[in-house]
Amino acid sequence: MSQPQAATPAPEKPGSAGKPGASVQAILRARPAEFLGRAREGGIIYPFILLFIVLSAWQGSLFYGKTNLLEILDQQSSTVIIAAAGTMVLIAGGIDLSVGATYALCQVIATKMAETGNPVIAIIVGVLVGIGVGAINGVIATFFRINSLIATLAMSFVITGVASLVTNGNLIYAGTALGYANFARTEFLDVTTATWTMIGVVIILGIVLSRTIAGRYMYAAGSNAEAARLAGVRVQWIKLVTFAISGGAAGLGGIIDASRVLSASSAYGGPSLTFTVLAGIVVGGTSILGGQGAIWRTVIGTLFIAIIYNGFTLLGWNPLYEPITVGLILLLAVGGDAWSRLRTS
């Protein structure tokens with residue numbers, strides 16, 4: 001009886017023999033990239049928690065008390081809504097610099113209608129105007145292939161001009177439209193409807209971005225538009241949808257703030273709001289180059305900036321240093337994103 005022959009050993013892969021440390025070196029090279037990726041994913045959480053602890057220890061219940069925290073959420077509700085929608089635009093590879101102007105246009109239209117008409121219809125029309133403006137931005141930036149930064153910047157001037165024509169350069173006051181005021185002022189469980197609206201919008205947009213095919217297409221369009229197109233993604237339509245959502249969110253934010261004070265003006269919002277929104281998005285960790293970001297990080301980034309402003313007020317510090325502080329933080333955020341991309345590429 002023949003003896004069974006031993007199996008022939010598999011040939012070693014070229015380069016593996018004589019290099020027992022090769023796998024270790026590969027792991028060491030991978031660890032910085034893995035660390036940077038994780039830091040980018042949740043980096044904003046750590047400074048947010050640190051700032052919260054410092055202000056809580058410094059000011060006590062004056063800061064962490066229910067009244068102050070609910071006030072921050074209420075005042076930032078419109079900014080968070082606009083920033084959450086703007087995150088989608090950046091992730092898909094665009095940028096929207098017209099949100100401040102859209103905010104003003106929609107609030108003056110809605111407030112003027114609410115003076116003499118049904119406040120519900122006024123709110124709906126205002127949001128639809130915002131969606132329409134956003135869709136126009138999307139068409140210009142995608143189908144006409146004009147850089148979204150230039151397209152939305154130019155549109156912001158047009159929108160501001162239209163808002164000024166609607167108001168004739170005057171402040172619109174709707175002091176008798178109490179139903180309109182209820183849209184932002186009504187409280188449920190001690191939380192205003194403005195805050196509840198913000199929570200609802202953030203949850204919906206977060207689910208769309210992270211749990212739906214449309215959300216995955218947004219990431220794909222921002223990561224590599226050409227590869228996404230070859231894979232069958234309708235990149236232009238995806239970007240158009242993000243601009244429409246951004247416009248609608250800007251309109252909703254403007255209406256919330258207008259209904260809170262029962263007044264509106266074409267001078268409200270503007271570049272100040274636009275750059276505050278962008279700062280919150282970028283500080284939250286969304287890449288300005290597209291393809292990376294998350295709604296929840298934008299929310300934390302926006303609230304992080306709001307807490308800085310609140311801290312200046314509570315501590316009695318000179319408010320002239322607030323924009324300097326936010327600007328430096330924004331530079332650190334953008335620089336950190338660029339550096340992490342360089343190290344992980």
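Values in this document were obtained by computation on a predicted structure and should not be read as measured data.

Below, the discussion takes up the overall build of the chain. In terms of helices and strands, the chain carries 16 helices and four strands. Looking at the chain as a whole, 46% of its 345 residues qualify as buried. Considering only residue pairs separated by 6 or more positions, the chain has 81% of its internal contacts joining residues 24 or more positions apart. Working note: accessible area of the chain is about 17800 Å², and carbon and sulfur atoms make up 68% of it.

Time to look at the environment of Asn137. Tracing the sequence through the fold places Asn137 in helix 7 (residues 119–142). Taking relative accessible area as the criterion, Asn137 reaches 1% and is therefore assigned buried. As a C-alpha pair, Asn137 and Asp96 span 41 residues in sequence and 8.2 Å in three-dimensional space.

Let us look at the side chain of Glu322. Note on placement: Glu322 falls in helix 16 (residues 322–344). The buried charged residue Glu322 lacks any salt bridge, with Arg260 as its nearest oppositely charged partner at 17 Å. Those residues within four positions of Glu322 in sequence are excluded, and the remaining contacts are Tyr309 and Phe312.

Those residues of helix 9 (residues 178–185) that sit buried are Tyr180, Ala181 and Ala184. In a view along the axis of helix 9, the buried residues occupy a sector of 100 degrees, so they form one face of it. For helix 9, the secondary structure elements touched by its buried residues are helix 4 (66–75), helix 6 (99–116), helix 7, strand 3 (191–192), helix 10 (193–211) and helix 13 (235–261).

Our focus in this paragraph is a nonpolar patch on the surface. Judged by side-chain polarity, Val139, Phe143, Phe144, Ile146, Leu149, Ile150, Leu153, Phe157 and Trp237 come together as a nonpolar surface patch covering roughly 860 Å² of accessible area. A per-element tally of the nonpolar patch places helix 8 (residues 148–167) first, with four residues. Structurally, Ile150 can be placed in helix 8.

It is worth spelling out the nonpolar core at this point. Core analysis: the biggest nonpolar cluster contains 40 residues, and Ile81, Val202, Leu205, Met218 and Ile295 have the highest contact counts within it. Contributing elements (two or more residues each) for this core: helix 2 (45–59), helix 5 (77–91), helix 10, helix 11 (213–223), helix 13, helix 14 (270–283) and helix 15 (295–315). Element by element, the count of residues in this core is highest for helix 15, at 10 residues. Each residue touching Ile81, except ones within four places of it in the same chain, is listed here: Thr197, Met198, Val201, Ala249, Leu252 and Ile256.

Turning to the layout of surface pockets, a few remarks are in order. In this structure, the second largest pocket encloses a volume near 390 Å³. Lining the second largest pocket are 18 residues, and of these Thr142, Arg145, Val235, Gln236 and Lys239 sit closest to its centre. Here the element with the most residues in the lining of the second largest pocket is helix 13; it accounts for five residues. Split by residue class, the lining of the second largest pocket holds seven nonpolar, six polar and five charged.

Here we come to empty space enclosed by the protein. Overall, the coordinates contain one cavity of 30 Å³ or more when judged by the stated rule. Empty space within the largest cavity amounts to approximately 50 Å³. Taken together, Gly86, Val89, Leu90, Asp96, Val99, Val277, Leu278 and Ile281 make up the full set of residues lining the largest cavity. Elements with a contribution of two residues or more to the lining of the largest cavity: helix 5 and helix 14. Split by residue class, the lining of the largest cavity holds six nonpolar, one polar and one charged.

Let us look at the pattern of salt bridges. All chains considered together, the criterion is met by four salt bridges. One salt bridge in this structure joins Lys66 and Asp190, with 2.8 Å as the shortest N-O distance. With Lys66 in helix 4 and Asp190 in the loop between strand 2 (187–188) and strand 3, this residue pair connects regions lying 124 residues apart in the sequence. Asp257 is the salt-bridge partner of Arg260, the closest N and O atoms lying 2.7 Å from each other. Residue Arg260 and its partner Asp257 are located together in helix 13, separated by three residues, close to a single helical turn. One exposure class covers both Arg260 and Asp257, and it is buried. Where salt bridges share partners, they join Asp74, Asp257 and Arg260 into one cluster.

What follows covers the packing of helix 7 against helix 8. Contact pair helix 7 / helix 8: the axes reach a minimum separation of 9 Å and the direction vectors enclose 140 degrees. When the axis of helix 7 is compared with that of helix 8, the two are oblique. Handedness of the crossing formed by helix 7 with helix 8: right-handed. Residues Val133, Ile136, Asn137, Ile140 and Ala141 of helix 7 touch helix 8, and the partners they reach there are Ser148, Ala151, Thr152, Met155 and Ile159.

Of note, Arg145 is a non-glycine position whose phi angle comes to about 55 degrees, a positive value. With respect to the element layout, Arg145 can be found in the loop between helix 7 and helix 8. Overall, the relative accessible area of 68% leaves Arg145 in the exposed class. Of note, the phi angle at Leu189 is positive, near 60 degrees, even though the residue is not glycine. Residue position: Leu189 is located in the loop between strand 2 and strand 3. Leu189 gets classed as exposed once you look at its relative accessible area, which sits at 61%.

Parameters and conventions
Residues numbered from 1 in each chain as written. Predicted model: local features only at pLDDT ≥ 70, side-chain atom pairs only at ≥ 80, totals over all residues. Heavy atoms only, no water. Helix = DSSP H or I, 4+ residues; strand = E, 2+ residues; numbered from the N terminus. Buried < 20%, exposed > 50% of the residue type's maximum accessible area, 1.4 Å probe, protein only. Contact = heavy atoms within 4.5 Å. Areas by Shrake-Rupley, 256 points an atom, 1.4 Å probe, with all protein chains shown as cover. Lys, Arg positive; Asp, Glu negative; His and termini not counted. Salt bridge = Lys/Arg side-chain N within 4 Å of Asp/Glu carboxyl O. Arc of directions from axis to C-beta. Patch = residues over 30% accessible without salt bridge, like charges linked within 9 Å, V, L, I, M, F, W, Y side chains within 5 Å. Core = buried A, V, L, I, M, F, W, Y, C linked by side-chain atoms within 4.5 Å. 1 Å grid on protein atoms, 1.4 Å probe; cavity = no way out; pocket = protein on both sides within 12 Å on 5 of 7 lines; lining within 4 Å. Points joined across faces, edges and corners; volume = space filled by probe spheres on them. Nonpolar A, V, L, I, M, F, W, Y, C, P; charged D, E, K, R; others polar. Axes fitted to C-alpha atoms, helices over the stretch in contact; angles between N-to-C directions. Parallel < 35°, antiparallel > 145°, perpendicular 65-115°, else oblique. Left-handed = near helix turned anticlockwise from the far one by under 90°.

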